[in-house]
Amino acid sequence: MIQEAINKYLSNGNLSVQRGERPFRVVLFDMDGVLYDSMPHHAIAWQKAMAQFGLVMTAADAYATEGARGIDTIRVFVKQQKGEDISEEEAQRIYDVKTALFHEMGEAKIFDGVYSLMQQIKRCGLQVGVVTGSGQRPLIQRLLADFGEFVDEKHIVTAYDVERGKPNPDPYLMGLKKAGNLKPYQGIVVENAPLGVRAGVAAGCFTVAVNSGPLPDEALTNEGAHLLFPCIAQLSEQWADFGL
């Protein structure tokens, strides 16, 4: 199944894979819901913060909009519910409240399988990058503390590295750039959110979905995911089947 999906992807005439050129050279991970089991905390923080400003966001909304820049999500919800266009600065004030609430809930655990997957990726000679819609410095510092063996700050893309967040391709294109100006077919994206999957596919990367949340599988496959796993531990168990 894995090789079939890879072969189908690489046979796409739009990719322009050069003869003899290695197709995959970096694995770009989303952070929340992929590396950390943090989305339940994010959902609670979103609901509480938005309520303080007279806005309604459900847990399902939090999962459905995951991956987008927080200020972009806030501006969309304000427009939809109040008919107002607020500035990025105004949206940032709401996002700061959400951030504070999130950090009050303590650290989320690392998903089982993440370390072993990164170890296998490193042994294959591939780079590891992280592409997140977050701009929270404490989270970036935790990434470096937890995964410093595999990723450095130069290979991390945050909300502040791009003007357009997910579902636009810009964050993953930036991830490819930071990995050495790589081409789209040289990147594997690992995502758990519909907007993130859409961004990875739009960037032209081979996009693997990990359904770690409550959304139906179709929410990810309908966005074009090339492969779907129920958890990152299973992706780790089957990494050898990628043949890299």
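Right above here is the structure, for reference.
In short, a report on the structure. This structure is a prediction, so every number in the text was calculated from the model and none was measured. (Residues numbered from 1 in each chain as written. Predicted model: local features only at pLDDT ≥ 70, side-chain atom pairs only at ≥ 80, totals over all residues. Heavy atoms only, no water.)

1. Observations concerning the overall build of the protein chain
Counting its secondary structure elements, the protein chain contains 11 helices and six strands. Compactness check: the protein chain gives a C-alpha radius of gyration of 18 Å against a globular reference of 18 Å for 244 residues, within 12% of the reference. Along the three orthogonal principal directions, the C-alpha set of the protein chain runs to about 55 × 35 × 30 Å. Within the protein chain, the proportion of its 244 residues that are buried is 50%. When contacts within the protein chain are restricted to residue pairs at least 6 apart in sequence, long-range pairs at least 24 apart make up 67% of them. (Helix = DSSP H or I, 4+ residues; strand = E, 2+ residues; numbered from the N terminus. Rg over C-alpha atoms; globule rule 2.2 N^0.38 Å. Buried < 20%, exposed > 50% of the residue type's maximum accessible area, 1.4 Å probe, protein only. Contact = heavy atoms within 4.5 Å.)

2. A look at helix H7 (residues 137-147)
Buried within H7 we find Leu-139, Ile-140, Arg-142, Leu-143 and Phe-147. Within H7, the buried residues cover an arc of 160° as seen down the axis, which keeps them to one side. Against helix H5 (88-104), helix H6 (114-123), strand S2 (127-131) and strand S3 (156-157) lie the buried residues of H7. (Arc of directions from axis to C-beta.)

3. Let's talk about the layout of surface pockets
Here the largest pocket defines a volume of roughly 160 Å³. Lining the largest pocket are Met-31, Asp-32, Tyr-36, Ser-38, Phe-102, His-103, Gly-106, Glu-107, Ala-108, Pro-138, Leu-139 and Arg-142. Secondary-structure elements contributing two or more residues to the lining of the largest pocket are H5 and H7. In terms of residue count, H7 provides more of the lining of the largest pocket than any other element does, three residues in total. Of the residues contributing to the lining of the largest pocket, the split by class is six nonpolar, three polar and three charged. (1 Å grid on protein atoms, 1.4 Å probe; cavity = no way out; pocket = protein on both sides within 12 Å on 5 of 7 lines; lining within 4 Å. Points joined across faces, edges and corners; volume = space filled by probe spheres on them. Nonpolar A, V, L, I, M, F, W, Y, C, P; charged D, E, K, R; others polar.)

4. Looking at unusual backbone geometry
The omega torsion across Lys-166 and Pro-167 is 15°, close enough to zero to call that bond cis. Mapped onto the elements, Pro-167 comes out in the loop between S3 and helix H8 (170-178). Even without being a glycine, Asn-181 presents a positive backbone phi close to 55°. Considering the arrangement of structural elements, one finds Asn-181 in the loop between H8 and strand S4 (187-191).

5. A short note on the sheet that holds strand S1 (residues 26-29)
Strand order across the open sheet formed by six strands is S3-S2-S1-S4-S5-S6, with parallel pairing between neighbours. A single partner strand is all that each edge strand has here, and the edge strands are S3 and strand S6 (227-229). When S2 meets S3, the two strands line up parallel, connected through two bridges. When the bridges of S3 are listed, Val-131 appears paired with Val-157. (Pairing = 2+ DSSP bridges.)

Purely geometric numbers; function is a separate question.
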